[in-house]
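A look at the structure
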Amino acid sequence: MTAEGPFDILEEPNVWIPLSDETRLAARIWRPADSDGKPVPAILEYLPYRKRDGTAVRDEKNHPYFARHGYACIRVDMRGSGESDGLMYDEYDKQEQDDALEVIDWITSQPWCSGAVGMIGISWGGFNGLQVAYRQPEALKAVVSIASTTDRYADDIHYKGGCMLIENFGWSQQMLSYMSRPPDPDLVGEQWREMWLRRLENMPHFAETWMRHQQRDDYWKHGSICEDWSAVKAPVLIVGGLADGYINAVMNILENLQAPRKGILGPWVHLYPNFGVPGPQIGFLQEALRWWDRWLKGIDTGVENDPDLRVFRREGVKPAAMLPMAKGQWISEPVWPSPNIAEHELFLAGRRLVPEGTADRRELEIDINSPQDVGAFGGEYFAWIGPDQPDDQRSDDAKSVVWDTVPLDDEVDILGRPVVKLRLRADAPQAALALRLCDVTPDGPVMRVSYTVFNLSQRNGAAAPEAMPVGDWVDVEISLDNTCHRFLPGHRIRLSVSTTYWPLIWPSPTPVTVTVDNGRSSLVLPSRTDAGQPPVHFAEAEMAEPVARTEHRASNLQRQVSYDLKAGTAHMQIEYDNGDVEDGIHGLRTGSIHRERYDITPDDPLSARMEVHWTQTSQRGYWDTRTETGGVCRATADSFELSAFVTAYEGDEKMFERRWQRSIPRKLV
């Protein structure tokens, strides 16, 4: 629903923000028309994703809304991106944070700014809002962080449970493509080509850096606010999605931050909650406005009296890779950690999950030795707008070991992190597990409720890996991701475990059998008792109307899983054609196509191969550019083998080409 506010606004499509080293950052600003004489607080969103085209539609839905309610909104491209000067060498580095501090100083020096600043953002912008708050600039009075993390090693796109995520390489290729795009000559003039070539010549291949840090070392500690929770003084509204990879930050913030903090955890993928899927969407901009009004203007909006946590409690549905609407309802916990949560332990008995004392534990030792293609229906690490969500789990579960309850007589509500306690042994020094908590519906479909992956070499900590002692029993406790779910009567609770999860994590170097001791293993559920909390109601989503655009090519998002029965190989192909659109105001026309292919032989982990290819186009009537980027990742038992390329064209003429080839030693991954 579109909405107007009490203020007329003006927009400045491009404003240069000078830094102390003479770098200029490009900003787009919306603010009340009378703010030169009546200063207002400012809201900063700071990203490398190009304000001119990359995030323009989203920006136009969100920032004018805040501006019409009395705020100056500043959307800044980081150095080396969009039309901003300079070069980018890594994500979340000190230079990025230093620049943000200078941007905040510049904002507060403007006549239209009251001196109070907030930061908002999703993903990268959500990360750096917390990271800049960690640096404690005096003017930063509040943060709204969506789909972010407090620990860059444990809960970012690189590693999970000590396993290397496939997206560690995939995200590197996406950034290679994003960074390859030229600045708009309508804004930077004749120097556009010089700026473009300088960026291309100095572009990093991020995967090389990330893969050299396979354990939690000082590289990952930088930018992880969990290193010192007390350093964040600004109030934080932390928001996440149950269908997103960045789910754990909400509870981490609520449990550890000493500053004022509130959390919202909805059903969404990696999108803003006012237009996120699966629905229902909420009036997120209204909630953020309450936060800004309280902490930037000093208005009593009652946010301190909100429940610590408002969360969508899902119920079992037939899963779909593009599920449009979740089933369930909003609930609240006035205080988090909540006194309404208790441990409910179920024990492994044969292939059943049973309450203590209800069965003897026959079939005490169970072997898990999964084919390498388990995980094809697990979805993306962070799902977005395509067919990215976990689908029906029956196919993956058929290649795993599962333990089920009997059909439930009563509802079972859980909220928090399930924990799996296992006594196990492995027949190889390097092994990983994928653990999934599932809801088995009475008519057959299986919904993944929560999951994690775990590298057993990190059983004693992420900073000090140790190979598994082959053949010896060890005890591990593995926490799954936070979740909120109601298992309905007639449904069954399932624990699914496999030794592989492709293409979410990179396979162990050799096939491995992990043996579980049923008699000393269990699943601990965070069982929730409804203590009569009042129902939660959000307003209908409001937002501003984005600028009209001309669609020259429609988007088309495809994901396919196939098997070559003659060769005995498994394949996944993804082609996300993001379309070709032209801005209705300034006329910049941009398009992109993203392709991924994953190949593996079910009995050979070293057959795993990932290939990525991106095409980006930028055009005006007098100007036509294209970049092709991509790469391949494979592995031997001892190393990761990486290759990548970037090729840039002006019209049909090749302007630039560069290639990378690296071999990076494996370190218990």
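Everything that follows concerns the structure shown earlier in this document.
The following refers to the structure shown. (Residues numbered from 1 in each chain as written. Predicted model: local features only at pLDDT ≥ 70, side-chain atom pairs only at ≥ 80, totals over all residues. Heavy atoms only, no water.)

**Points about the layout of surface pockets**
Space left empty within the atom packing is revealed by a probe, the size of a water molecule, rolled over the atoms. Convention followed: A cavity, in this analysis, means grid points on a 1 Å lattice covering only the protein atoms where a 1.4 Å probe fits yet has no way out; a pocket is instead an open set bounded by protein on both sides within 12 Å along at least five of seven lines, and a residue lines either one if it has an atom within 4 Å of a point. Grid points are joined across faces, edges and corners, and a volume is the space filled by probe spheres set on the points. Helix and strand labels come from DSSP, where a helix needs a run of H or I of at least four residues and a strand needs a run of E of at least two; each type is numbered from the N terminus. Residues are sorted three ways: Asp, Glu, Lys and Arg are charged, Ala, Val, Leu, Ile, Met, Phe, Trp, Tyr, Cys and Pro are nonpolar, and all the rest, Gly among them, are polar.
In this structure, the second largest pocket occupies an estimated 420 Å³ of space. Lining the second largest pocket are 22 residues, and of these Ala 154, Gly 161, Gly 162, Arg 417 and Phe 454 sit closest to its centre. When residues of the lining of the second largest pocket are traced back to their parent elements, those giving at least two are β20 (446–455) and β21 (474–479). Class assignment for the residues of the lining of the second largest pocket results in six nonpolar, eight polar and eight charged.

**Details of empty space enclosed by the protein**
Evaluation of the coordinates by the stated rule reveals eight cavities of 30 Å³ or more. Estimated volume of the largest cavity: approximately 360 Å³. If you trace the largest cavity, you find 30 residues lining it, with Leu 242, Ala 243, Arg 314, Pro 390 and Arg 448 closest to the centre. Every element with two or more residues in the lining of the largest cavity is listed here: β11 (309–315) and β20. Its residues assigned to classes, the lining of the largest cavity comprises 16 nonpolar, six polar and eight charged. The computed volume of the second largest cavity comes to approximately 130 Å³. As for the second largest cavity, its lining consists of 17 residues, and the residues nearest its centre are Gly 379, Glu 380, Tyr 381, Pro 503 and Leu 504. For the lining of the second largest cavity, the elements supplying multiple residues, two or more each, are β28 (569–583) and β29 (589–601). Of the residues contributing to the lining of the second largest cavity, the split by class is 10 nonpolar, three polar and four charged.

**Quick word on the pairing of strand β23 (residues 492–498)**
Selection rule: The buried label applies to any residue whose accessible area, calculated with a 1.4 Å probe on protein chains only, is under 20% of its type's maximum; exposed applies above 50%, and partly exposed to all values in between. Pairing between two strands is assigned when DSSP locates at least 2 bridges connecting them.
Counting buried positions along β23 gives six out of seven residues, so the element sits mostly inside the fold. Sheet topology note: the strand β19 (residues 432–440)/β23 ladder contains seven bridges and is antiparallel. Residue Cys 438 lies in a different strand from β23, and its bridge partner there is Arg 494.

**Some points on the packing of aromatic side chains**
Selection rule: Stacked, edge-to-face and tilted are the three classes for Phe, Tyr and Trp ring pairs, Trp counted by its six-membered ring, which pair at centre distances within 6.5 Å; planes under 30 degrees apart are stacked, over 60 edge-to-face, the rest tilted. Throughout this description, the term charge over a ring refers to an Arg CZ or Lys NZ atom that lies within 6 Å of the ring centre and within 35 degrees of the ring normal.
The tally for this structure, following the rule as stated, stands at 30 aromatic pairs. Summarising the aromatic geometry, the rings of Trp 106 and Trp 112 are spaced 6.2 Å apart at their centres and angled 70 degrees between planes, so their arrangement reads as edge-to-face. Of the two residues examined, Trp 106 and Trp 112, each falls in the buried class. Judged by centre distance (6.0 Å) and plane angle (75 degrees), the rings of Tyr 246 and Tyr 381 are edge-to-face. Of the two residues, Tyr 246 is situated in the loop between β9 (236–241) and α9 (249–256) and Tyr 381 in the loop between β15 (365–368) and α11 (394–398); the sequence distance between them amounts to 135 residues. Note on Tyr 246: relative accessible area 4%, which makes it buried. Sitting above the plane of the Phe 275 ring, Lys 61 keeps its charged end 4.6 Å from the centroid. Sitting over the ring of Tyr 219, Arg 152 keeps its end group 5.2 Å from the ring centre.

**Considering unusual backbone geometry**
Here Trp 336 and Pro 337 are connected by a cis peptide whose omega angle stands at 5 degrees. Relative to the helices and strands, Pro 337 is located in the loop between β12 (328–333) and β13 (341–349). Positive phi is not limited to glycine here, since Tyr 92 has a value of about 60 degrees. Examined against the element boundaries, Tyr 92 turns out to sit in the loop between β4 (72–77) and α2 (94–108). For Tyr 92, a relative accessible area of 4% translates into the label buried.

**Regarding the side chain of Asp 155**
This is how the line gets drawn: Lys and Arg are tallied as positive, Asp and Glu as negative. Neither His nor the chain termini are counted. Here, a salt bridge means any side-chain nitrogen of Lys or Arg that lies within 4 Å of a carboxyl oxygen of Asp or Glu. Contact criterion: two residues are considered in contact whenever any of their non-hydrogen atoms come within 4.5 Å of each other.
Relative to the assigned elements, Asp 155 resides in the loop between β6 (140–146) and β7 (159–160). Despite its burial, Asp 155 remains without a salt bridge, the nearest opposite charge being carried by Lys 160 at 4.7 Å. Not counting residues up to four positions away in its chain, the partners in contact with Asp 155 are Thr 149, Tyr 246, Asn 248, Asn 252 and Tyr 381.

**A short note on a nonpolar patch on the surface**
Formally: Here, patches come from residues exposed beyond 30% relative accessible area and free of salt bridges, joined within 9 Å for like charges and within 5 Å for nonpolar side chains (Val, Leu, Ile, Met, Phe, Trp, Tyr). Method for areas: the Shrake-Rupley scheme with a 1.4 Å probe, in which residue coverage is limited to the protein chains shown.
A grouping of Val 561, Tyr 563 and Leu 565 is seen on the molecular surface, where their side chains present a nonpolar patch of about 310 Å² in accessible area. One can find Val 561 in strand β27 (residues 556–564).

**Observations regarding the environment of Asn 256**
Here is the rule: Whenever a nitrogen or oxygen atom comes within 3.5 Å of another N or O atom, the pair is scored as a polar contact, on the condition that within protein one atom can donate a hydrogen and the other can accept it, and that pairs from neighbouring residues in sequence are kept only if both atoms are in side chains.
Along the chain, Asn 256 falls in helix α9. You can call Asn 256 partly exposed: its relative accessible area is 32%. Spatially, the C-alpha atom of Asn 256 lies 39 Å from that of Leu 364, the residues being 108 residues apart in sequence. One polar contact links the side chain of Asn 256 to the main-chain carbonyl oxygen of Asn 252, over a distance of 2.9 Å.

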